[in-house]
Amino acid sequence: MKRSHQQAFSAPPRPGTICKPAPFSDDEEAVRDRNACNYTQKITLEMARAGTSPRAIRVYADGIYDLFHQGHARQLMQAKNLFSNVYLIVGVNSDAMTHQRKGRTVMTEDERYEAVRHCRYVDEVLPDAPWSLDDEFLEKNKIDFVAHDDIPYTTGSETDVYAHIKARGMFVSTERTEGVSTSDVVSRIVKDYDVYVRRNLARGYSAKDLNVSYINEKKYRLQNKLDDLKKKGKEMIEDIEGKRTDLISKWEEKSREFIDTFLMLFGRDGRLTQYLTEKKDSVMSALSPPSSPKAISHSSEECNSPPAKTSKFDFSSRPGASLVDDDYSDDDLEPGGM
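- As annotated in an unreviewed UniProt entry, the protein carries the name choline-phosphate cytidylyltransferase and is attributed to Cherax quadricarinatus.
- Listed in UniProt under the heading Sequence similarities (unreviewed entry), the comment for the protein reads: "Belongs to the cytidylyltransferase family."

Below you can see the structure in the form of structure tokens.
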């Protein structure tokens, strides 16, 4: 039997860290653990549940584990945590057995072995596991309990393959994860077959790799081209919309600046209005005639000139002066008159 053993390269492990895959049942580590187990000490279900087992409890779970998914991992997690101190052995059916009993698998048996042995809950992987378990198999692998969901498991017959295990009190049930199974995953791929074919063609797979005819290949490639054009067109429209929004935003910002500048220049208290007012005052001042200089000098002379001198013989201010002035004449001064 050909099996791949992949060497792991990693830093020194921390305490409690799982740094390597689980061994196969014929590896030295698994053989040493199996030989160290004292299988004469039978462990009952009551002892296992009470935690009084004198040694590690060897629990066996089996399956096909095609397209290993979270439902498989959850089943193995439950099996690992059924009791304290569980050593979990996982049997994986071969391709020949699976194709005969259940149908074609997506992954090869080696791929399925590797998927299971890299699950953190697994302590040992038993490849080419039998479809049904007999007492000889249980004794050889020193199995204390078998873990599986409680639904009767029949393939082409009405007999549950775990019936005699249940009769011996060695069966412990786990819960199925609803909504996920290998069949569900395959159904999704089949349902969207065209999508996945186009996906792989776009990633470099040939029509021969995908078992696709020449005509279908051209059809799928044309659909990929159309999808690319649609995507680019959508991106271009989004880019134009983004630029338009940015342009409108900038225009609004610039318009506010323009309005502010306009009001600053032409508003009621704007700079241009103030300038025009100042110029208007200057023009009006230039056009208005100045005051007369003579009037100004005359009035100032009147204000600043000293009082007029009076004559010694000025009798105009005395009473009777007018009479004297009226009687006085040149005739009185003639010589004949004296």
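Once you've had a look at it, read on.
Structural notes on the overall build of the protein
Line of reasoning, step 1. Secondary structure assignment for the protein yields 13 helices and five strands.
Line of reasoning, step 2. Counting every position in the protein, which comprises 338 residues, the buried fraction comes to 28%.
Line of reasoning, step 3. Here the analysis covers contacts within the protein between residues at least 6 apart in sequence; of these, 66% occur between residues at least 24 apart.
Line of reasoning, step 4. Surface exposure of the protein reaches about 24600 Å², of which carbon and sulfur atoms provide 55%.

What about the packing of aromatic side chains?
Line of reasoning, step 1. For the structure on display, the rule yields five aromatic pairs.
Line of reasoning, step 2. With 6.4 Å between their ring centres and 80 degrees between their planes, Phe-24 and Tyr-113 make a pair best called edge-to-face. Of this pair, Phe-24 sits in the segment before α1 (28-36) while Tyr-113 sits in helix α5 (residues 109-117), placing them 89 residues apart in sequence. Across this residue pair, the class does not change: Phe-24 and Tyr-113 are buried.

Focus on the pattern of salt bridges
Line of reasoning, step 1. Following the criterion strictly, the structure yields 12 salt bridges and no others.
Line of reasoning, step 2. As a salt-bridge pair, Arg-117 and Glu-114 come within 3.4 Å of each other at their nearest N and O atoms. Separated by three residues within a single helix, Arg-117 and Glu-114 lie in helix α5, roughly one turn from each other.
Line of reasoning, step 3. Judged by its relative accessible area of 5%, Arg-117 is buried.
Line of reasoning, step 4. The exposure class assigned to Glu-114 is buried, which follows from its relative accessible area of 9%.
Line of reasoning, step 5. For the salt bridge of Lys-166 with Asp-150, the shortest nitrogen-to-oxygen distance reads 3.7 Å. Of the two residues, Lys-166 sits in helix α7 (residues 163-167) while Asp-150 sits in the loop between β4 (145-149) and α7, which places them 16 residues apart along the sequence.

Examining helix α9 (residues 193-202)
Line of reasoning, step 1. Taken together, the buried positions of α9 are occupied by Val-197, Arg-198, Asn-200 and Leu-201. Within α9, the buried residues cover an arc of 165 degrees as seen down the axis, which keeps them to one side.

Concerning the environment of Leu-88
Line of reasoning, step 1. Positionally, Leu-88 belongs in strand β2 (residues 86-92).
Line of reasoning, step 2. Note: C-alpha distance between Leu-88 and Val-146 (58 residues apart in sequence) is 9.9 Å.
Line of reasoning, step 3. Not counting the four nearest positions on each side in its chain, Leu-88 is found in contact with Val-59, Ala-61, Leu-76, Ala-79, Lys-80, Tyr-121, Val-122, Asp-123 and Glu-124.

What to know about the sheet that holds strand β3 (residues 124-127)
Line of reasoning, step 1. In space, the five strands of this open sheet follow the order β3-β2-β1-β4-β5, with parallel pairing throughout. The open sheet has two free edges, formed respectively by β3 and β5 (171-174), since each of these has just one partner strand. Neighbouring strand axes in the sheet, compared pairwise and without regard to direction, differ in orientation by 30 degrees on average.
Line of reasoning, step 2. The pairing of β2 with β3 spans four bridges and is classified as parallel. Note on β3: the bridge partner recorded for Val-92 is Pro-127.
Line of reasoning, step 3. Against the sheet, helix α3 (residues 70-80) contacts β1 (57-63), β2, β4 and β5, and its axis sits at roughly 145 degrees relative to β2.

Definitions and limits used
Residues numbered from 1 in each chain as written. Predicted model: local features only at pLDDT ≥ 70, side-chain atom pairs only at ≥ 80, totals over all residues. Heavy atoms only, no water. UniProt positions renumbered as here; feature names shortened; annotations may be inferred. Helix = DSSP H or I, 4+ residues; strand = E, 2+ residues; numbered from the N terminus. Buried < 20%, exposed > 50% of the residue type's maximum accessible area, 1.4 Å probe, protein only. Contact = heavy atoms within 4.5 Å. Areas by Shrake-Rupley, 256 points an atom, 1.4 Å probe, with all protein chains shown as cover. Phe/Tyr/Trp six-rings, centres within 6.5 Å; stacked < 30°, edge-to-face > 60°. Salt bridge = Lys/Arg side-chain N within 4 Å of Asp/Glu carboxyl O. Arc of directions from axis to C-beta. Pairing = 2+ DSSP bridges. Axes fitted to C-alpha atoms, helices over the stretch in contact; angles between N-to-C directions.

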